[in-house]
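Residue-level structural notes
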Amino acid sequence: MKIARWVGVAGEAGDSGPLTHGFVEDDRVIPFGDGLTVAEVLARGLPGLAAVRAGADEAAAVPLAEVTLRAPLDPASVRDFVAFEEHVEGVSAGVEGRSFVAPEWYEAPTFYFTNPHTISGPLDLLRPPVTERLDFELEVALVVGGVDGSDGANLDVGSAAAHIFGYTIMNDWSARDLQGREMKVRLGPAKGKDFGMTLGPWIVTADELAGYEDAEGFLAVRAEVYVNDELIGHDLVSNAGWPFPEFVVYASRNSRVVPGDVLGSGTVGNGGCLAELWGRNGSLTPPPLREGDEVRMVVEGIGELVNRVGAPVAAPPVPAARVRPRIRHRA
């Protein structure tokens, strides 16, 4: 099944109207019954989805072409992993000046937390910061659902899989010049990333993609990204160093995952972002994104996510650090 959120007007971003939550089936959208929201459906988990579908408001169904899809959820939190070795090789060269995969990368699926308050959806216009190196990142994200009797803490691989409600496409927009400066301080990416992340077009339930799992449990779906209709990168998501349930295991270690959490796979290899190609090519080839560029991501079994780059937003300046005298007591 596919679940989504939409407004009742078809067109570009900026269309207004009440937000409706429900199913996408073929060329129709069907609201949940009883005013249910995506967040409430995620909390019920996959076992409860059949009952939600049985109670859907068929009388209120409308053609998909007559609505505008929004981001499929407001995430409780967003963790983004860096799980593709090929991506790390290329981006380290492009951002840090040398291709290097730290030995620690192989030990565990490292992630960072990003901003759940700047989530956008299909057709939304990206308003980036002022940057000379705007980039996309092609990813698949899992969405956590509820599991009866589980608090989502310290999960093992077997129990972690049950917490995967479904999958969506993720575009982790990146300002590489800002990111490069920040990470020299050994923190970040911070302002190099937190201005925008796009999710969509919907959440596809995990059972829909089960047939794509290989013998080792990796999700072998093809992922592609186009800029202005030119294919820039493509990969199989099964080239990640860890399968999706192991992301959940690591995220829950000495912590919790809860319904509505989003866990990104990290950027796929073979051109999943421009920075990987800049590092491999030794130049800004292909060029950074500019105002007016269209980025289209296509993931087998999930769908297509399209956005356009808008004008950059100049932010108020922040003064540089002042050298302080390090006195220990007030005069």
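Overview of the structure. Treat the numbers as computed from the prediction; the structure is a model and nothing was measured.

**Structural notes on unusual backbone geometry**
Put simply, Gly188 and Pro189 share a cis peptide bond, and its omega is 10°. Tracing the sequence through the fold places Pro189 in the loop between helix 5 (176–183) and strand 14 (197–205). For Asp26, which is not a glycine, the phi torsion comes out positive at approximately 55°. Residue placement: Asp26 occurs in the loop between strand 2 (20–25) and strand 3 (28–31). A relative accessible area of 77% places Asp26 in the exposed class. Phi at Asn254 takes a positive value of approximately 50°, unusual for a residue other than glycine.

**Points about the nonpolar core**
Residues Phe136, Tyr167, Phe244 and Leu289 are the most contacted members of the largest nonpolar core, which totals 61 residues. Looking at this core element by element, the count peaks at 5 residues for helix 7 (residues 244–252). Residues contacting Leu289, with those up to four places away along its chain left out, are Leu134, Asp135, Phe136, Trp173, Val227, Leu274, Val295 and Val309. In terms of nonpolar packing, the next biggest core, distinct from the first, is built from 21 residues, Phe32, Leu36, Val38 and Met170 among them.

**Description of the environment of Leu263**
Turning to its location among the elements, Leu263 is positioned in strand 17 (residues 261–264). Measuring from C-alpha to C-alpha, the distance between Leu263 and Met170 comes to 9.6 Å, with 93 residues separating the pair along the chain. With residues near it in sequence (within four places) discarded, Leu263 still touches Arg79, Phe81, Val140, Ala141, Leu142, Val144, Phe247, Val248 and Ala251.

**Regarding the packing of aromatic side chains**
Applying the stated criterion across every chain, the model contains 9 aromatic pairs. For the ring pair Phe81 and Phe111, a centre distance of 5.0 Å and an interplane angle of 50° mean the geometry is tilted. Residue Phe81 is found in strand 6 (residues 77–81), and its partner Phe111 is found in strand 7 (residues 111–114); the two are separated by 30 residues along the sequence. The partly exposed category is assigned to Phe111, whose relative accessible area is 24%. Geometry around Phe23 places Arg53 over its ring, the cationic atom sitting 5.6 Å from the centre. For the cation-ring pair, Arg98 lies above Phe100, with the distance from its terminal atom to the ring centre recorded as 4.5 Å.

Conventions adopted
Residues numbered from 1 in each chain as written. Predicted model: local features only at pLDDT ≥ 70, side-chain atom pairs only at ≥ 80, totals over all residues. Heavy atoms only, no water. Helix = DSSP H or I, 4+ residues; strand = E, 2+ residues; numbered from the N terminus. Buried < 20%, exposed > 50% of the residue type's maximum accessible area, 1.4 Å probe, protein only. Core = buried A, V, L, I, M, F, W, Y, C linked by side-chain atoms within 4.5 Å. Contact = heavy atoms within 4.5 Å. Phe/Tyr/Trp six-rings, centres within 6.5 Å; stacked < 30°, edge-to-face > 60°. Lys NZ or Arg CZ within 6 Å of the ring centre and 35° of its normal.

Nothing here speaks to function; it is all geometry.
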